[in-house]
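Descriptive structure summary
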Amino acid sequence: MGKVDFKMRQVFALATLATLLLPASAEEPTTFRQNPKEWRSQGGNGANWRYSPLTQITPQNAGKLQVATIVSTGGLRGHEGAPLVVDDVAYFTTPFPNGVFARRLTYNADKILWRYVPRQDPSILKKIGGDAVNRGLAYGDGKVFLSQLDTNLVAIDAKSGTVIWSRTNGDPQIGETSTSAPALLKDKVLVGLSGGDFGVRGHVTAYDAKTGQRLWRGYSTGPDADTLIDPEKTTHLGNPVGKEASLASWQGEQWKIGGGAPWGAFSYDADLNLVYYGTGNPAPRNAKQRPGDNRWTSTIFARDLDTGTVRWVYQVTPHDQWDYDATSEMILIDLDIDGAARKALAHFDKNGFAYFLDRATGDLLSADRFGAHVNWASKIELDKNSPFYGRPLLVDEYTPEIRGEDVNTKSICPSFLGAKGPQPAAYSPNEKLFYLPLTTKCMDNEPYAVRYEPGKHYLGVTTEEYEEFSVTKASDRRAWGGGALVAFDPTSKAVRWSLPERHPLRSGALVTATGVVFYGTMEGYLKAVDGKTGKELWSFHTGSGIVGDVVSYEHGGKQFVAVLSGVGGLVGLELIDLKQGVMDGPIRSLPDYNALGGILTIFALPN
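Residues numbered from 1 in each chain as written. Predicted model: local features only at pLDDT ≥ 70, side-chain atom pairs only at ≥ 80, totals over all residues. Heavy atoms only, no water.

**Thoughts on unusual backbone geometry**
In the segment running from Ala-283 into Pro-284, the intervening peptide bond is cis, with an omega of -5 degrees. Position of Pro-284 relative to the elements: it lies in the loop between β19 (274–278) and β20 (299–304). Between Arg-295 and the following residue, Trp-296, the backbone shows a cis peptide bond with an omega angle of 5 degrees. Looking at the element boundaries, Trp-296 is found in the loop between β19 and β20. For Thr-151, which is not glycine, the phi dihedral falls at a positive 80 degrees. Looking at the secondary structure, you find Thr-151 in the loop between β9 (143–147) and β10 (152–157). Note on Thr-151: relative accessible area 1%, which makes it buried. (Helix = DSSP H or I, 4+ residues; strand = E, 2+ residues; numbered from the N terminus. Buried < 20%, exposed > 50% of the residue type's maximum accessible area, 1.4 Å probe, protein only.)

This is the structure in structure tokens:
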């Protein structure tokens, strides 16, 4: 497609979607419901709502929140993910070397119940594309499950801290690592893989929770037998994918080093017995070196939990040349469409579009911008009669492959960090709104020829990022971009309100039944805002930048809010010198706000 007028890009309406999408119920569906007093999974429930039904903290009293407990983790890298709370015990992990802590939730309980600190080869730090983070634990069957950076999946006895079993899930020497949280679904532990920028071939693997036996493995790319795709029964936008669809979309055997690492979160619908997740970008990022759609990178997968067989796929960004992974969480909600309930999946992609699909069939329901500036594509084609159905309609000016190698394509929005990265959104069934932590950065992108070498970066592109408001002023570009917390209405596809932040938001949001929304900032503030209006109600500086995810639980009849702080993560790499492989260098930004070090801070209302 040619260049589209700027004003037209801003007002593009999805006229082909004639029906409104309305949440069907203000209650949490039984399929996803968990004990509201606990926080047993990273997303709060199987649907990744990050919603707490607790009601003690309200917009009227949130301003009175006080610190109840502070726990140092001893870690100096980015603290992503969320603590889990089960049976009055909090479980949380640290970045490399991925220590696990268990701490009882009682006042004056200043002792750790147990800690697990694995031994990992520090040379693995040379095999990561970002920070050596860990995005959290899974819990179930009396065990805590940890996926270490070296890909070892470990089952730990939740009471004693003793290792029950351990399985190696990849080979760090070729760049296979693990930064994501595993998920316990029924009797299986699912875990993904990181390393797409090293040419790693992504896969998701299911292990038996009791024994650690490997049950199935589904690759992102390659033959049908490896991807667990049935060419006749697996669909893409309602049609069978056909025989060896992935192989046909790559040149030669490039799929073997083609990326597609699934390093994000999982969601699960027990009624459908389907697990949902997204895959990462293809490798290398220089798209000219890998002709074709490069299936199934940057793709949403729906797999049968028991067999791993793929029910449906949807490639969000075919032939991705901007590093727009589709690894952000899938949020499962029920919608009323033309008066009938429909099981839906919401996905807010790095590429700046909000996708709603039927989670049973994979049918595409809508795709709209959700608050960040987007110029790389004019829209997502929703006309089923179009040959481009389901695809982004590209704008030549912002398509690096069209402009060629060694040509710097300027002012692409969003940047490779994404309009919304791995930091999870929250969904309120009461307000019928999604709360999205955004990064508002654009980039310049210059591809170059690169050769694959096992265990080395396989990028083929240089990038420069800057704030989106200054994209027309080259002299005003700054190393740091901004962020925003956005309330997105799935009915009108519009932003209800937006709170700008001076730095990218890389903290996962939380919303309560009373409409209080919590999120953290890179300066280190935990904030509470009114979910209806966006009005700030309270803030507290935790001592280090927050890239972790906020949770809420009840203990002793009292509601608590907890978050891990500790500057780092992919954005934090721009703040901290990692030349020696240790976060001991100078902070180059936020010097008035931040210090290194992980902290678990727990808040409550005064007695």
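**Section: the packing of aromatic side chains**
Centre distance and the angle of the planes are the two values used to describe a pair of aromatic rings. Inspection of the entire model under this criterion finds 25 aromatic pairs. Here Trp-49 and Tyr-51 contribute two aromatic rings whose centre-to-centre distance is 6.1 Å and whose plane-to-plane angle is 70 degrees, an arrangement assigned as edge-to-face. A relative accessible area of 9% means that Tyr-51 is categorised as buried. With centroids separated by 5.3 Å and ring planes inclined at 75 degrees, the aromatic side chains of Tyr-452 and Tyr-458 adopt a geometry described as edge-to-face. With a relative accessible area of 25%, Tyr-452 lands in the partly exposed category. The class for Tyr-458 is buried, based on a relative accessible area of 6%. Aromatic ring contacts, followed pair by pair, group Trp-49, Tyr-51, Phe-348, Phe-356, Phe-370, Tyr-427, Phe-434 and Phe-488 into a single cluster. The ring of Tyr-219 carries the charged tip of Arg-201 above its face, separated from the ring centre by 3.8 Å. (Phe/Tyr/Trp six-rings, centres within 6.5 Å; stacked < 30°, edge-to-face > 60°. Lys NZ or Arg CZ within 6 Å of the ring centre and 35° of its normal.)

**Topic: the pattern of salt bridges**
Applying the stated rule across the entire model yields 30 salt bridges. The residue Lys-410 makes a salt bridge to Asp-444 at a minimum N-O spacing of 3.7 Å. Taken together, the residues Lys-410 in strand β28 (residues 409–412) and Asp-444 in strand β30 (residues 433–447) connect sequence positions 34 residues apart. Owing to a relative accessible area of 44%, Lys-410 belongs among the partly exposed residues under this scheme. (Salt bridge = Lys/Arg side-chain N within 4 Å of Asp/Glu carboxyl O.)

**Focus: the pairing of strand β37 (residues 536–541)**
Inspection of the sheet shows strand β36 (residues 525–530) paired to β37 by five bridges, in the antiparallel sense. Residue pairing for β37: Tyr-525 is matched across the bridge by His-541. (Pairing = 2+ DSSP bridges.)

**Comments concerning the environment of Pro-172**
Its location among the elements puts Pro-172 in the loop between β11 (163–168) and β12 (183–185). On the accessibility criterion, Pro-172 (16% relative accessible area) is buried. Among residues more than four places away in sequence, those in contact with Pro-172 are Ile-124, Lys-127 and Asp-150. (Contact = heavy atoms within 4.5 Å.)

**Observations regarding the sheet that holds β19**
Spatially, six strands are ordered β17-β16-β21-β20-β19-β18 in an open sheet, and the strand pairing comes out mixed. If you trace the sheet from one side to the other, it starts and ends with β17 (239–240) and β18 (267–269), each paired once. Alignment of β18 against β19, held across three bridges, turns out to be antiparallel. Looking at β19, one finds that Tyr-268 is bridged to Val-275.

**Some remarks on the side chain of Asn-294**
With respect to the helices and strands, the residue Asn-294 is situated in the loop between β19 and β20. Residue Asn-294 is classed as buried on the basis of its relative accessible area of 0%. Reaching out from Asn-294, the side chain makes a polar contact with the side chain of Arg-290 at a distance of 2.8 Å. If we skip the residues at most four places from it in the chain, Asn-294 touches Ser-249, Trp-250, Pro-282, Gln-315 and His-319. (Polar contact = N/O pair within 3.5 Å; in protein donor to acceptor, adjacent residues only side chain to side chain.)

**A short note on the side chain of Arg-506**
Residue position: Arg-506 is located in the loop between β33 (494–501) and β34 (510–512). Although Arg-506 is buried, it makes no salt bridge; Glu-80 carries the closest opposite charge, 6.5 Å away. Only 3.1 Å separates the side chain of Arg-506 from the side chain of Thr-439, close enough to count as a polar contact. Setting aside anything within four residues of it in sequence, one finds Arg-506 in contact with Leu-417, Gly-421, Pro-422, Gln-423, Thr-439, Met-522, Ile-546, Val-547, Gly-548 and Val-571. (Lys, Arg positive; Asp, Glu negative; His and termini not counted.)

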